[in-house]
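Coordinate inspection notes
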Amino acid sequence: MNRILRRGAALAAGALLLVMAASVVLANATLLGGKLRTGDTVTVPAGETVHGDLYVLGGRVTVQGNVDGDLTALGGQVEINGTVTGDLLAAGGTISLAGTVNGDARVFGGQLNLAGSVDEDLAVTGGQVTVPAGGKIGGDLIVSGGQVTISGAIGGSIEGSAGTYSRSGSVGGTEHVAVAPTDRTAAIAGETLFDALRQFVVVVLAGALLLWWRPRGMAAADGVLRTRPLMAVGGGLAVGVGYIVFLVVAILAMVVLALLFGLLRIGSLIAIDVVAGTLAISLVSFLFVLAVAFVADALVGLALAHMVMRTDGRDRWQELGLLAAGAAAVVIVTTIPVVGGWVKLAVVLLGLGALSVAWWEAWRAGRKSSVSTQPSA
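This is a predicted model, so every value here is computed, not measured. (Residues numbered from 1 in each chain as written. Predicted model: local features only at pLDDT ≥ 70, side-chain atom pairs only at ≥ 80, totals over all residues. Heavy atoms only, no water.)

The number of helices and strands found in the protein is seven helices and 18 strands. Total accessible area computed for the protein in this model is approximately 19,200 Å², and 66% of it derives from carbon and sulfur atoms. (Helix = DSSP H or I, 4+ residues; strand = E, 2+ residues; numbered from the N terminus. Areas by Shrake-Rupley, 256 points an atom, 1.4 Å probe, with all protein chains shown as cover.)

Right, here's the structure in full:
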């Protein structure tokens, strides 16, 4: 489990890149020296060995050969019949794994059929998850699905939840699968979908408003994200700490002033102090929550779209299109169980940090400009 969490952020970033590419519809291409392959139909033929990590995006993805590294695959239909010596991250409508994965596997899709083997852990989320007889998982199985059927061999433990669950295969460790009533499962799925759609709409609206109202600020924050991501993370941590410090100082100041005005028997100033302090805390908290919940998603999504397309929008309509594609990718990945929370944390830190760094640099530039224009004595 610890190993899954340690690699979760890197693998989620790979998934985010591929979903981003799917949103903007890439043409048939082999990029980055063969590391990234895209197209309507992408095939790694039998007999071919890819040395190093491989990222594959297509309407139909078929891997017959071998990947000597990690494999990240996204498509409407994904078939993996070869050998992956590293880890596997796959997402699609229908996923068939008849080959061998020597490392961990993380799969998100409508239907998964694991007739092959995963030597280590498998984490899967899907509408229908099937491990038929002959399928093998050497480590633990972490599953969340509507219909889960296990007929193969599980070397470790099984942990998860399902709408319906049946097992006739073997389990080497413990087994704990929470089975929810069918109506409750459908309700949860509907609520999750509605929340994701609502989040997407609000993120796009917030980003569009910023593009129209503060295009230079958006461009500056986008530049920070693409060129100085570590500085953005540091800025995000500073903003979070600063917000907590502000709350503590504001509450203490409000209490101290109220006590002082009470000793002086100035009741009207006590009321003003309480109202002003409450308004200040409410306003800052509202802006902070707005940035965390929506603005950060818009900034990171737009920056990802620019990096994938390797271009900036030439006009506001193109920028809106890139914003919508990036927002869709961020919303999709942040709703994934387990890793979604970690991805959201990274998005918040990057988005808040990019805003703070861009604002700080603009303030310093404006101050230097005002000083340089002052007449000398």
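Following the structure, the description resumes.
To continue, consider the pattern of salt bridges. Counted according to the given criterion, the structure contains seven salt bridges. Put simply, Arg226 and Asp222 hold a salt bridge, and the shortest N to O gap is 2.6 Å. A residue pair is termed a helical-turn pair when its members lie 3 or 4 positions apart in one helix, as Arg226 and Asp222 do in helix 3 (residues 215-227) at four residues. Judged by its relative accessible area of 31%, Arg226 is partly exposed. (Salt bridge = Lys/Arg side-chain N within 4 Å of Asp/Glu carboxyl O. Buried < 20%, exposed > 50% of the residue type's maximum accessible area, 1.4 Å probe, protein only.)

This brings us to the environment of Gly160. Tracing the backbone shows Gly160 in strand 16 (residues 158-167). With residues up to four places along the chain from it excluded, the contact list for Gly160 reads Val143, His176, Val177 and Ala178. (Contact = heavy atoms within 4.5 Å.)

This next bit is on the packing of aromatic side chains. Taken as a whole, this structure holds two aromatic pairs when the rule is applied. Look at Tyr243 and Phe288: their rings are 4.1 Å apart centre to centre, the planes differ by 5°, and that puts the pair in the stacked class. Here Phe288 lies in helix 5 (residues 267-309) and Tyr243 lies in helix 4 (residues 229-263), a separation of 45 residues in the sequence. Taking relative accessible area as the criterion, Tyr243 reaches 16% and is therefore assigned buried. The positively charged end of Arg214 is found above the aromatic ring belonging to Trp213, 4.3 Å away from the centroid. (Phe/Tyr/Trp six-rings, centres within 6.5 Å; stacked < 30°, edge-to-face > 60°. Lys NZ or Arg CZ within 6 Å of the ring centre and 35° of its normal.)

The next point concerns a nonpolar patch on the surface. A surface patch of nonpolar side chains, about 390 Å² in accessible area, is lined by Leu283, Phe286, Leu287 and Leu290. What makes Leu290 partly exposed here is its relative accessible area of 32%. (Patch = residues over 30% accessible without salt bridge, like charges linked within 9 Å, V, L, I, M, F, W, Y side chains within 5 Å.)

With 84% of its residues at a pLDDT of at least 70, the protein reaches an overall mean of 81. Every residue in residues 1-27 is under pLDDT 50, and counting partners more than four places away or in other chains gives 58 contacts. (pLDDT = per-residue confidence, 0-100.)

Glancing now at the environment of Ile95. Structurally, Ile95 can be placed in strand 8 (residues 88-97). Judged by its relative accessible area of 2%, Ile95 is buried. Linking Ile95 and Gly126, residues 31 residues apart in sequence, is a C-alpha distance of 9.8 Å. Once you skip the residues sitting within four places of it in the chain, Ile95 turns out to touch Val78, Ala90, Val107, Phe108, Gly109, Gln111, Leu112 and Asn113.

Counting 36 residues, the largest nonpolar core has Leu71, Leu88, Leu122, Val124 and Leu141 as the members making the most contacts within it. Discounting chain neighbours no more than four positions away, the residues touching Leu122 are Ala105, Val107, Leu114, Ile137, Asp140, Leu141 and Ile142. Among the nonpolar cores identified, the runner-up in size contains 35 residues, and Met218, Ala291, Leu299 and Leu302 belong to it. (Core = buried A, V, L, I, M, F, W, Y, C linked by side-chain atoms within 4.5 Å.)

What follows concerns the pairing of strand 4 (residues 54-63). Remember that side chains alternate between the two faces of the sheet whenever the strand is regular. Most of strand 4 sits out of view: seven of its ten residues are buried. The sheet contact formed by strand 2 (residues 36-44) and strand 4 spans eight bridges and is parallel. Counted as the bridge partner of Arg37 is Val56 from strand 4. In this sheet, strand 6 (residues 71-80) lies alongside strand 4 in parallel orientation, the contact comprising nine bridges. From the neighbouring strand, Val56 faces strand 6, where its bridge partner is Ala73. (Pairing = 2+ DSSP bridges.)

Bringing helix 4 into the picture now. With 35 residues, helix 4 extends 51 Å between its outermost C-alpha atoms, agreeing within 8% with the 51 Å of an ideal straight helix rising 1.5 Å per residue. Turning to helix 4, its buried residues number three or more, namely Ala232, Gly235, Gly236, Gly240, Tyr243, Ala250, Met254, Ala258 and Phe261. At the C-terminal side of helix 4, Arg265 shows a positive phi close to 60°. (Expected span 1.5 Å × (residues − 1).)

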